[in-house]
Amino acid sequence: MGYRVLVVVALLVAGCGGGAGAGVVGGVFHSTSVTERGAPRALVDGTRVELSFTDDGRVIARAGCNQMQAPVSLGGGKIEAGELSMTMIGCPDPRLHEQDEWLSKFLGASPSWRKDGANLVVADDSTEIVLAPEVPASLEGGKWTADTLISGDTAGSVPGGVVATLEFRDGGVEVSAGCNSGSARYRTDGSAITFEELVLTDKACGPDEMAVEKAVTEALQGRSEFKVDGQRLRLTAASGSGVGLRK
């Protein structure tokens, strides 16, 4: 997968949102078409542009390889992005790096935005991206098993023999954290999930079990970001640590 470092790209300093962005804030959008100077722009096969606008005033963007994010203001029909941080991983295709750079420059040019029905249209003088809202996948309806431990921009496998699961049902979640078990309440708001009333048993286990439990319980403390992609669930705490799970 190559090395991972954090690079910072200077973009326009953000102003205050002032409550702008109704119908956009809290949403995740995927490109359905990209045009430049009136002609279709071909993206690398299997990729698309993804824009997420979080409730705490950030834009998170992907173009097929790296993830970038920045403080953002949506006032005046403009996307005014602040200082953009972007992971730089060893992408399998050099065209993916070029596509990341193209998207970062596009966002740095303060493009306009507007809603067209449910779709989001983002444009500058030469480029227009039409994005459809992501249809939220259900957390409920099965048991999620942890297989990945996340720490910032790095990820590792859950140690063999350690099983941690989450089962969401009727606003509650049954937790088996790798060592201890229990339950919590949860509620979602866009891409954010807030856990409350987490109660677990209190026993000691081996270092592998406790390492997994630490990652799981940190993601279940208060407010985290979540993303469901088919049979995959990712929970990321405000600290950047988190856990990846599969059904």
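Bear in mind the structure is a predicted one, so any value in this text is a computation, not a measurement.

1. Structural notes on helix α1 (residues 94-108)
Each α-helix turn comprises 3.6 residues. Residues three or four places apart therefore point the same way.
Right, on to step 1. Along its 15 residues, α1 runs 22 Å from first to last C-alpha, staying within 8% of the 21 Å computed at 1.5 Å per residue.
Right, on to step 2. Every buried residue of α1 is listed here: Leu 96, Gln 99, Asp 100, Trp 102, Leu 103, Ser 104, Phe 106 and Leu 107.
Right, on to step 3. Where α1 ends, the next residue or the one after it, Ser 110, has phi of about 55°, a positive value.

2. A look at the confidence of the model for the protein
Right, on to step 1. Averaged over the protein, the pLDDT score is 86; the fraction of residues at 70 or greater is 91%.
Right, on to step 2. The model gives residues 1-18 a pLDDT under 50, and that stretch makes 49 contacts with residues more than four places away or in other chains.

3. Some words on the packing of aromatic side chains
Right, on to step 1. Here the structure, examined in full by the defined rule, presents 4 aromatic pairs.
Right, on to step 2. With a centroid separation of 6.5 Å and an interplanar angle of 65°, the aromatic rings of Phe 29 and Phe 53 are classed as edge-to-face. With Phe 29 in strand β2 (residues 28-36) and Phe 53 in strand β4 (residues 50-53), this pair connects stretches of sequence that are 24 residues apart.
Right, on to step 3. Judged by its relative accessible area of 2%, Phe 53 is buried.
Right, on to step 4. Clustering of aromatic rings is evident, with ring pairs tying together Phe 168, Tyr 186 and Phe 195.

4. As for the pairing of strand β20 (residues 241-246)
Right, on to step 1. Counting buried residues along β20, 5 of its 6 residues qualify, which places the element largely inside the surrounding structure.
Right, on to step 2. As judged from the 6 bridges shared by strand β12 (residues 143-151) and β20, these two strands associate in the antiparallel manner. Its bridge partner being in β20, Thr 148 is matched across the sheet by Gly 244.
Right, on to step 3. Both strand β19 (residues 232-237) and β20 contribute to a ladder of 5 bridges, which runs antiparallel. When the sheet's bridge partners are listed, Arg 232 is paired in β20 with Arg 246.

5. Describing the pattern of salt bridges
Right, on to step 1. Tallying each qualifying case throughout the model produces 12 salt bridges.
Right, on to step 2. Between Arg 62 and Glu 50 there is a salt bridge, with the nearest N and O atoms lying 2.5 Å from each other. Within this pair, whereas Arg 62 is found in strand β5 (residues 58-62), its partner Glu 50 is found in strand β4, the two being separated by 12 residues in sequence.
Right, on to step 3. Residue Arg 62 is classed as partly exposed on the basis of its relative accessible area, which comes to 25%.

6. As for the state of the cysteines
Right, on to step 1. The full count for this structure, using the stated rule, is 2 disulfides.
Right, on to step 2. Between the sulfur atoms of Cys 179 and its disulfide mate Cys 205 the distance is 1.9 Å. Here Cys 179 and Cys 205 share a disulfide; its torsion about the S-S bond, 75°, makes the bridge right-handed. Within this pair, whereas Cys 179 is found in the loop between β15 (172-176) and β16 (181-189), its partner Cys 205 is found in the loop between β17 (192-200) and α2 (207-219), the two being separated by 26 residues in sequence.
Right, on to step 3. Here the cysteine-cysteine linkages of the protein are recorded as 1-2, 3-4, numbering only bonded cysteines and doing so in sequence order.

7. Quick look at α2
Right, on to step 1. Taking 1.5 Å of rise per residue, the 13 residues of α2 would be expected to cover 18 Å, and the 19 Å separating its terminal C-alpha atoms lies within 8% of that figure.
Right, on to step 2. Within α2, the full set of buried residues consists of Val 212, Glu 213, Ala 215, Val 216, Thr 217 and Ala 219.
Right, on to step 3. Residues of α2 that are buried make contact with β12, β14 (165-169), β17, β18 (222-229), β19 and β20.

About the thresholds
- Residues numbered from 1 in each chain as written.
- Predicted model: local features only at pLDDT ≥ 70, side-chain atom pairs only at ≥ 80, totals over all residues.
- Heavy atoms only, no water.
- Helix = DSSP H or I, 4+ residues; strand = E, 2+ residues; numbered from the N terminus.
- Expected span 1.5 Å × (residues − 1).
- Buried < 20%, exposed > 50% of the residue type's maximum accessible area, 1.4 Å probe, protein only.
- pLDDT = per-residue confidence, 0-100.
- Contact = heavy atoms within 4.5 Å.
- Phe/Tyr/Trp six-rings, centres within 6.5 Å; stacked < 30°, edge-to-face > 60°.
- Pairing = 2+ DSSP bridges.
- Salt bridge = Lys/Arg side-chain N within 4 Å of Asp/Glu carboxyl O.
- Disulfide = S-S within 2.5 Å.

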